[in-house]
Amino acid sequence: EEVQLMKETAAKLREKVDVLLVCGIGGSYLGARAAIEAINGLYSDDKVEIIYVGNTFSSNYIHQVAKYIEDKDFAINVISKSGTTTETSISFRIFKEMCEKKYGKEGARERIVATTDREKGALKKLATDEGYVTFVVPDDIGGRYSVLTAVGLFPIAMAGIDIDEMLKGAKDAMVKYNDANIETNDAYRYGVARQLLNKAGYSAEMFVTYELQLNNVAEWWKQLYGESEGKENKGILPHSAVFSTDLHSLGQFIQEGSKVLYETIFEVKNPQNDMIIPSDPDDLDGLNYLAGKSVDYVNKRACEGTIDAHVNTGNVPNIIISLDKMDAYGFGYMVYFFEMSCAMSVYFLGVNPFNQPGVEVYKKNMFKLLGKPGY
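Fair warning: this is a prediction, and the values are worked out from it, not measured in the lab.

How do you make sense of the pattern of salt bridges when you look at a structure like this?
A pair can form between side chains of opposite charge whenever their charged atoms are brought close. This model, assessed by the stated rule, comprises 23 salt bridges. A salt bridge links Asp-117 to Lys-81; the nearest nitrogen and oxygen atoms lie 2.8 Å apart. Of this pair, Asp-117 sits in the loop between strand S4 (112–116) and helix H5 (122–130) while Lys-81 sits in the loop between strand S3 (74–79) and helix H4 (86–109), and the two are 36 residues apart along the sequence. Among the salt bridges present, the one from Asp-186 reaches Arg-189, with a minimum N-O distance of 3.5 Å.

Can you walk me through the nonpolar core in this structure?
Considering soluble globular proteins, one finds that nonpolar side chains tend to be buried as a cluster. Residues Met-166, Trp-220, Phe-266, Phe-331 and Phe-338 are the most contacted members of the largest nonpolar core, which totals 72 residues. In terms of residue count, the dominant contributor to this core is helix H12 (residues 328–348) (10 residues). Residues contacting Phe-266, with those up to four places away along its chain left out, are Phe-207, Val-208, Thr-209, Leu-214, Ile-321, Leu-323, Met-326, Met-334 and Phe-338. Within the second largest apolar cluster, 22 residues are counted, among which are Val-78, Ala-108, Ile-112 and Ala-127.

What's the story with the packing of helix H1 (residues 2–16) against helix H6 (residues 150–158) in this structure? I'm lost.
Any two packed helices are characterised by the angle at which their axes cross and by the distance between the axes. Relative orientation of the contacting elements H1 and H6 amounts to 35°, with a least axis distance of 8 Å. Helix-helix and strand crossings are classified by hand; for H1 and H6 the assignment is right-handed. Residues Glu-2, Met-6, Thr-9, Ala-10, Leu-13 and Arg-14 of H1 lie in contact with H6, whose contacting residues are Ala-150, Leu-153, Phe-154, Ala-157 and Met-158. Here the residues of the contact of H1 with H6 are counted per class, giving 8 nonpolar, 1 polar and 2 charged.

What counts and what doesn't
Residues numbered from 1 in each chain as written. Predicted model: local features only at pLDDT ≥ 70, side-chain atom pairs only at ≥ 80, totals over all residues. Heavy atoms only, no water. Salt bridge = Lys/Arg side-chain N within 4 Å of Asp/Glu carboxyl O. Helix = DSSP H or I, 4+ residues; strand = E, 2+ residues; numbered from the N terminus. Core = buried A, V, L, I, M, F, W, Y, C linked by side-chain atoms within 4.5 Å. Buried < 20%, exposed > 50% of the residue type's maximum accessible area, 1.4 Å probe, protein only. Contact = heavy atoms within 4.5 Å. Axes fitted to C-alpha atoms, helices over the stretch in contact; angles between N-to-C directions. Left-handed = near helix turned anticlockwise from the far one by under 90°. Nonpolar A, V, L, I, M, F, W, Y, C, P; charged D, E, K, R; others polar.

As structure tokens, then:
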């Protein structure tokens with residue numbers, strides 16, 4: 001029922017807005033952003049532009065977004081279980097005021113969607129009082145695991161992506177990896193491989209993609225593994241890079257630097273788009289030997305050559321994870337794979353993959369410095 005309401009609400013809002021502000025931080029926006037950019041690309045031609053706010057204290061960024069949307073029709077999806085997350089609450093207060101000034105209270109009510117706790121909290125109370133359409137952050141799912149709940153699915157639907165297909169991909173992965181055999185369950189194999197490398201002295205994992213639009217998949221992955229695993233002075237440091245871009249900045253260290261890291265290559269076999277390299281009569285750049293070949297062909301050979309260099313010459317272990325295609329189905333499948341392997345991997349360390357006690361320390365210090373009552 002909630003998925004159906006998400007689709008109906010998104011369809012109505014998509015008819016009237018140019019921009020959706022996704023107002024959240026950490027797991028409240030990273031999964032949605034990862035999906036939207038991975039599937040729609042970095043310069044999407046979809047009619048609704050998605051802009052992410054509530055994820056920073058940067059006054060420059062918030063001001064620039066406010067100026068940018070002044071003459072645009074916009075809606076807000078505010079995402080917070082408690083309604084008191086500081087970054088999100090500051091931005092929501094600013095943009096809610098803009099929305100109410102532009103459209104009036106009644107108009108704003110139709111353009112603000114709250115994703116929050118089912119029963120309690122500041123945002124739930126506000127949403128009930130104001131009459132916002134409200135979706136639920138489930139009690140038993142932490143933010144970094146929440147992309148396949150309303151937290152991620154509503155903004156993904158607002159970007160014109162088929163969330164039914166995404167859930168189908170996740171369901172098929174659930175069936176596929178409901179297998180206790182370590183020899184055949186690739187999600188478990190990845191989890192085990194991580195900890196074997198950790199025991200061998202590799203304390204950092206570099207998640208590598210060869211597509212710029214997968215950069216936020218890496219950011220989502222870093223939160224998933226870093227927040228799940230980094231406890232009790234244990235865990236593998238999650239890092240990421242986009243090749244071949246970052247080979248021109250990090251390649252020397254990976255090839256010949258201290259042997260602290262291994263690479264996990266996330267490969268998408270079939271690109272959504274490709275281009276053919278043209279011939280040039282003068283051939284001043286010496287590229288005519290590639291004329292008629294596709295750019296993706298070059299990208300794949302760069303990947304193969306880099307793996308060979310790093311593994312066989314640089315002695316850097318590599319794990320390769322392949323996905324056939326990055327579409328809604330493939331994204332849902334991928335999310336389930338990484339979430340399941342994360343739980344398996346972290347349990348090996350004897351810590352809880354589903355809590356995050358350490359993130360409260362900086363908040364207490366910050367609130368004390370800000371003079372918040374009670375701190």
